[in-house]
Amino acid sequence: HSQIVAQHNRLRSRVKPMAANMQKMEWNEKLALLAEEKAAWCHTDPSPQHSSAVSHVGWNAHLSPYGVNSFSDVIDSWFEEEDNFLFLSGQCRENATCRHYTQVLMVWATSNQVGCATQLCLREGDLREMFVCAYFPGGNWEVNGRLVTPYKTGVYCSLCTSSMSGCFRLWDHVGGLCEIPKNPCRMSCGLNGHLNITSCKCKCDPGFTGRLCQVRCSVQCVHGRFKEEECSCLCDVGYGGFVSLQKRCSIPSTAVT
């Protein structure tokens, strides 16, 4: 399923005009199970043939002779409907279809979950293959009979919401996609510590210190305060010592020459 998600994201990054708030899609196993249930009905209509426990789900479906198309071919065919979609008017060209395109696959910015499935179907004596993808939240909203503009135009990621502060872009992407960063702190504690995402601070393993746990250190300061970044001691009043070498404050300052 990683290839299906990657293809969705790659094509979503290529919409024209460019999208400023297009969200990155992630695989959702619950949606995949819904897609599997719908595919078993072998119908291509946009509404599921059964009651669904999940509301606001969008659907894309395609039925073709067995062995003719791969899932990648089907997704590409949905994307090709872009040529029939007039973005400024929010409408499809006359006598053309672009529902698969506007549904969520390419242009519904807020759709960020996808799950897909295939099913072999016997129709009129011929073996066919059903391809189904379920999306959440669904798209194709209409107001007074007119399709709502599916995304905001502008420089990619320029209108990501505060919660989706990351910008996901790969080498084969034209633009970026808004995402919830897996590491919102934008930092790593390496192999010697663990990141607290809430405070964006590292908790270092024993024997290491520093903001990123990058300093090997096992010093205990007697009569002084430990300076993490330097792995050294700031001596209390009345104490001194060879801080840079011994890193301890055990020598009374009167004895330091």
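Residues numbered from 1 in each chain as written. Predicted model: local features only at pLDDT ≥ 70, side-chain atom pairs only at ≥ 80, totals over all residues. Heavy atoms only, no water.

Visitor: What's the story with the overall build of the protein in this structure? I'm lost.
Guide: The helix and strand tally for the protein stands at four helices and 18 strands. Taking all 257 residues of the protein together, 39% fall into the buried category. Contacts in the protein between residues at least 24 apart in sequence constitute 54% of all its contacts with a sequence separation of at least 6. Accessible area of the protein: about 14800 Å², with a carbon and sulfur share of 52%. (Helix = DSSP H or I, 4+ residues; strand = E, 2+ residues; numbered from the N terminus. Buried < 20%, exposed > 50% of the residue type's maximum accessible area, 1.4 Å probe, protein only. Contact = heavy atoms within 4.5 Å. Areas by Shrake-Rupley, 256 points an atom, 1.4 Å probe, with all protein chains shown as cover.)

Visitor: Which parts of the structure should I look at to understand the nonpolar core?
Guide: Inside soluble globular proteins, nonpolar side chains tend to come together where they are buried. Membership of the largest hydrophobic core comes to 16 residues, with the highest contact counts inside it found for F71, V114, C116 and C133. Within the residue set of this core, elements represented by two or more residues are α1 (2-12), α3 (71-79), β5 (113-123) and β6 (126-136). At five residues, the largest contribution of residues to this core is made by α3. Not counting the four nearest positions on each side in its chain, C116 is found in contact with I4, W27, A32, A35, F71, V132 and C133. Membership of the second largest hydrophobic core comes to 13 residues, among which are C42, W59, C121 and V132. (Core = buried A, V, L, I, M, F, W, Y, C linked by side-chain atoms within 4.5 Å.)

Visitor: I tried to follow the pattern of salt bridges on my own but got confused; where do I start?
Guide: Think of it this way: side chains of opposite charge can pair up when their charged atoms draw near. Per the stated rule, a full pass over the model turns up three salt bridges. Notably, a salt bridge pairs R10 with D172, separated by 3.7 Å at the nearest N-O pair. Taken together, the residues span a long stretch of sequence, with R10 in helix α1 and D172 in the loop between β9 (166-168) and β10 (177-179) at a distance of 162 residues. Across the salt bridge formed by K24 and E26, the nearest N and O atoms sit 3.3 Å from each other. (Salt bridge = Lys/Arg side-chain N within 4 Å of Asp/Glu carboxyl O.)

Visitor: Please clarify how the packing of aromatic side chains should be interpreted in this entry.
Guide: For any pair of aromatic rings, the description rests on two quantities: the centre-to-centre distance and the angle between the ring planes. Enumeration according to the criterion identifies one aromatic pair in this entry. The lysine or arginine in question, K38, covers the ring of W59, its NZ or CZ lying 5.6 Å from the ring centre. (Phe/Tyr/Trp six-rings, centres within 6.5 Å; stacked < 30°, edge-to-face > 60°. Lys NZ or Arg CZ within 6 Å of the ring centre and 35° of its normal.)

Visitor: Explanation requested: unusual backbone geometry in the structure shown.
Guide: Note: most peptide bonds trans; most residues except glycine with negative phi. With an omega of -5°, the peptide bond running from K16 to P17 counts as cis. Mapping P17 onto the fold places it in the loop between α1 and β1 (26-27). A cis amide bond links F136 with the next residue in sequence, P137, at an omega value of -15°. Structurally, P137 is set in the loop between β6 and β7 (142-143). Although it is not a glycine, C200 sits at a positive phi angle of roughly 55°. With respect to the helices, strands and loops of the structure, C200 is situated in the loop between β11 (193-196) and β12 (201-204). You can call C200 partly exposed: its relative accessible area is 33%.

Visitor: Hey, could you run me through a nonpolar patch on the surface in this one?
Guide: Together, Y66, L120, L122 and L127 give the surface a local cluster of nonpolar side chains, amounting to about 430 Å² of exposed area. In this fold, L122 is placed in strand β5. Of the residues examined, L122 reaches a relative accessible area of 65% and is grouped as exposed. (Patch = residues over 30% accessible without salt bridge, like charges linked within 9 Å, V, L, I, M, F, W, Y side chains within 5 Å.)

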